[in-house]
Amino acid sequence: MKTKIERIHVLLTVPRSIVDAAEYPYFHERGLSMEDSVKEQEVKNGIDASFDGFEILSATEQLEHVAPIPDEDTVTAKLYYYVTTVQK
């Protein structure tokens, strides 16, 4: 079985009120909790996904990447993962 490891990112947009109310680093915890769904839904033939940090997008970058723009104030982050896939 031949495998390939690559780094991908997933955009996550949430209301700013949720991020501000969190008692922990919100995007770090969400990134860790999403490893299984990234492995299963974001790549083909995924066998592993490891969270590798996040980057908060600026307001300008958020406008470029998020459509439609939500009515409430939001924060968008790029969650980075190393994913292992089976190559066929």
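Residues numbered from 1 in each chain as written. Predicted model: local features only at pLDDT ≥ 70, side-chain atom pairs only at ≥ 80, totals over all residues. Heavy atoms only, no water.

What follows covers the nonpolar core. By size, the foremost hydrophobic cluster in this structure holds 16 residues, and its most contacted members are Phe27, Met34, Val38, Leu79, Tyr81 and Val83. With five residues, the single largest contributor to this core is strand S3 (residues 74–87). (Core = buried A, V, L, I, M, F, W, Y, C linked by side-chain atoms within 4.5 Å. Buried < 20%, exposed > 50% of the residue type's maximum accessible area, 1.4 Å probe, protein only. Helix = DSSP H or I, 4+ residues; strand = E, 2+ residues; numbered from the N terminus.)

The phi dihedral of asparagine 45 is positive, around 60°, even though this residue is not glycine. One can find asparagine 45 in the loop between helix H3 (35–41) and strand S2 (46–56).

A few words on the pattern of salt bridges. Applying the stated criterion to the full structure yields three salt bridges. Across the salt bridge formed by aspartate 52 and arginine 7, the nearest N and O atoms sit 3.0 Å from each other. In this pair, aspartate 52 is assigned in strand S2 and arginine 7 in strand S1 (residues 2–15), connecting sequence segments 45 residues apart. You can call aspartate 52 partly exposed: its relative accessible area is 33%. On the basis of relative accessibility, which here comes to 43%, the residue arginine 7 falls in the partly exposed class. (Salt bridge = Lys/Arg side-chain N within 4 Å of Asp/Glu carboxyl O.)

Let us now look at the packing of aromatic side chains. Counting across every chain of the model gives three aromatic pairs. Measuring from centroid to centroid gives 5.9 Å for phenylalanine 27 and phenylalanine 54, while their planes differ by 40°, and the two rings are tilted. Of the two residues, phenylalanine 27 sits in helix H2 (residues 26–33) while phenylalanine 54 sits in strand S2, which places them 27 residues apart along the sequence. Exposure remark for phenylalanine 27: the relative accessible area of 3% places this residue in the buried category. The ring of tyrosine 80 has arginine 7 sitting right over it, with the charged end atom 4.2 Å from the ring centre. (Phe/Tyr/Trp six-rings, centres within 6.5 Å; stacked < 30°, edge-to-face > 60°. Lys NZ or Arg CZ within 6 Å of the ring centre and 35° of its normal.)

Attention now moves to H2. Along an α-helix, residues three or four apart share an orientation, since each turn contains 3.6 residues. Listed in full, the buried residues belonging to H2 are Tyr26, Phe27 and Gly31. Projected down its long axis, H2 carries its buried residues within an arc of 125°, all on one side. Among the structural elements, S1, helix H1 (16–21), H3, S2 and S3 are those in contact with the buried residues of H2. (Arc of directions from axis to C-beta. Contact = heavy atoms within 4.5 Å.)

What follows deals with the sheet that holds S2. One open sheet holds the three strands; their spatial order is S1-S3-S2, and the pairing between them is antiparallel. Edge strands, defined here as strands with exactly one partner in the open sheet, are S1 and S2. On average, each strand axis in the sheet is tilted by 20° relative to the strand beside it, whichever way the strands run. Relative to S3, S1 is paired through 14 bridges, and the arrangement is antiparallel. Looking at S3, one finds that arginine 7 is bridged to tyrosine 82. (Pairing = 2+ DSSP bridges. Axes fitted to C-alpha atoms, helices over the stretch in contact; angles between N-to-C directions.)

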